[in-house]
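# Summary of the model geometry
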Amino acid sequence: MNNQYNIAVIPGDGIGPEVTKEAVKVLKKVSEMRAKAMGGSLHFAEYDFGGIAIDNHGSPLPSSTLEACKSASAVILGAVGGPQWPRPLDASNPSKGLGPRPEQGLLDLRKALNLYANLRPMSFASDSFLKSSPLKYDVVTGSEFMMIRELIGGVYFGKRQEENAA
């Protein structure tokens, strides 16, 4: 059996491209070493997303990126956003409003792929942090936690509105 698993790589913005580049290096090595056990290989392709997609395509989630993610076996997602976005629609007249926000692409991608939760593993990186825990020292020593953050709807998917906005 020789399956090819397509991985959509979305480097995103800020530190995202650096982090995803290293993640892909690791996964390529694993793929080389474990191809037989995996029954195939990994194929990686990068797509614009977030701020860089706004700059290159005018949208934080171009249709080509969305379609690639929908058809991929998995998606590797880097960081999204930065201080340079959103930009004024008209630099000479900022009162015309702001352009798209990179984070909107993330919300749209989650919705399109029906992703409803973030899984965030947590552990104490150093024993020196144990003393700062609100939990008892003997309870947290050696503990690992999995935080599940739901992303189903409500405020998270609601239309963004700034305080004091008309």
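Residues numbered from 1 in each chain as written. Predicted model: local features only at pLDDT ≥ 70, side-chain atom pairs only at ≥ 80, totals over all residues. Heavy atoms only, no water.

Secondary structure assignment for the protein yields 5 helices and 5 strands. Excluding contacts between residues fewer than 6 apart, the proportion of contacts in the protein whose partners are at least 24 apart in sequence is 67%. Surface summary for the protein: the accessible area is close to 11500 Å², and the carbon and sulfur share equals 55%. (Helix = DSSP H or I, 4+ residues; strand = E, 2+ residues; numbered from the N terminus. Contact = heavy atoms within 4.5 Å. Areas by Shrake-Rupley, 256 points an atom, 1.4 Å probe, with all protein chains shown as cover.)

What follows is about the environment of G16. With respect to the helices, strands and loops of the structure, G16 is situated in helix 1 (residues 16–38). Spatially, the C-alpha atoms of G16 and L77 are 7.7 Å apart, while their sequence positions differ by 61 residues. Beyond its immediate sequence surroundings of up to four residues, G16 is in contact with P11, G78 and A79.

Another point: the confidence of the model for the protein. Detailed reading of the predicted coordinates is not advisable wherever pLDDT is low. Looking at the protein as a whole, the pLDDT averages 86, with 90% of positions reaching at least 70. Per-element confidence in the protein is highest for helix 3 (residues 63–71), whose mean pLDDT is 97, and lowest for strand 4 (residues 117–123), whose mean pLDDT is 79. (pLDDT = per-residue confidence, 0-100.)

Side chains that carry opposite charge are capable of pairing whenever their charged atoms lie near each other. Enumeration over the complete set of coordinates arrives at 4 salt bridges. Between R87 and D55 there is a salt bridge, with its nearest N and O atoms 2.5 Å apart. Note that R87 is positioned in the loop between strand 3 (74–77) and helix 4 (102–112) and D55 in helix 2 (residues 51–57), a separation of 32 residues in sequence. (Salt bridge = Lys/Arg side-chain N within 4 Å of Asp/Glu carboxyl O.)

Note on placement: T65 falls in helix 3. On the accessibility criterion, T65 (1% relative accessible area) is buried. Sequence spacing of T65 and Y47 is 18 residues, and the spatial spacing of their C-alpha atoms is 5.6 Å. Beyond its immediate chain neighbours, meaning those up to four positions away, T65 contacts I10, Y47, D48 and F49. (Buried < 20%, exposed > 50% of the residue type's maximum accessible area, 1.4 Å probe, protein only.)

Going from W85 to P86, the amide bond is cis rather than trans, its omega being -5°. Relative to the helices and strands, P86 is located in the loop between strand 3 and helix 4. For N114, which is not a glycine, the phi torsion comes out positive at approximately 55°. Tracing the chain through its elements places N114 in the loop between helix 4 and strand 4.

This part takes up the nonpolar core. Among the nonpolar cores identified, the biggest contains 9 residues, and these are A8, I10, F49, L61, L66, C69, A72, L106 and L109. Elements supplying a minimum of two residues to this core: strand 1 (3–10), helix 3 and helix 4. For L66, the residues in contact, after removing those within four places along its chain, are L61, L109 and A112. Of all hydrophobic cores here, the second largest spans 5 residues; its members include I7, V9, V24 and F44. (Core = buried A, V, L, I, M, F, W, Y, C linked by side-chain atoms within 4.5 Å.)

Attention now goes to the sheet that holds strand 3. The parallel open sheet is built from 3 strands, whose spatial order is 2-1-3. In this open sheet, the two edge strands, each paired with only one partner strand, are strand 2 (40–46) and strand 3. Each strand axis lies, on average, 25° off the axis of its neighbour in the sheet, ignoring direction. Examined bridge by bridge, strand 1 and strand 2 share 7 bridges and lie parallel to one another. Within the sheet, the bridge partner assigned to Q4 lies in strand 2 and is S41. Most of the contacts of helix 1 go to strand 2, to which it runs at about 160°, and overall it touches strand 1, strand 2 and strand 3. (Pairing = 2+ DSSP bridges. Axes fitted to C-alpha atoms, helices over the stretch in contact; angles between N-to-C directions.)

Moving on, we come to a nonpolar patch on the surface. There is a patch of nonpolar side chains on the surface, built from M122, L135, V139, F145 and M147 and spanning about 420 Å² of accessible area. Checked against the element boundaries, M122 lands in strand 4. By relative accessible area, which is 37% here, M122 ends up partly exposed. (Patch = residues over 30% accessible without salt bridge, like charges linked within 9 Å, V, L, I, M, F, W, Y side chains within 5 Å.)

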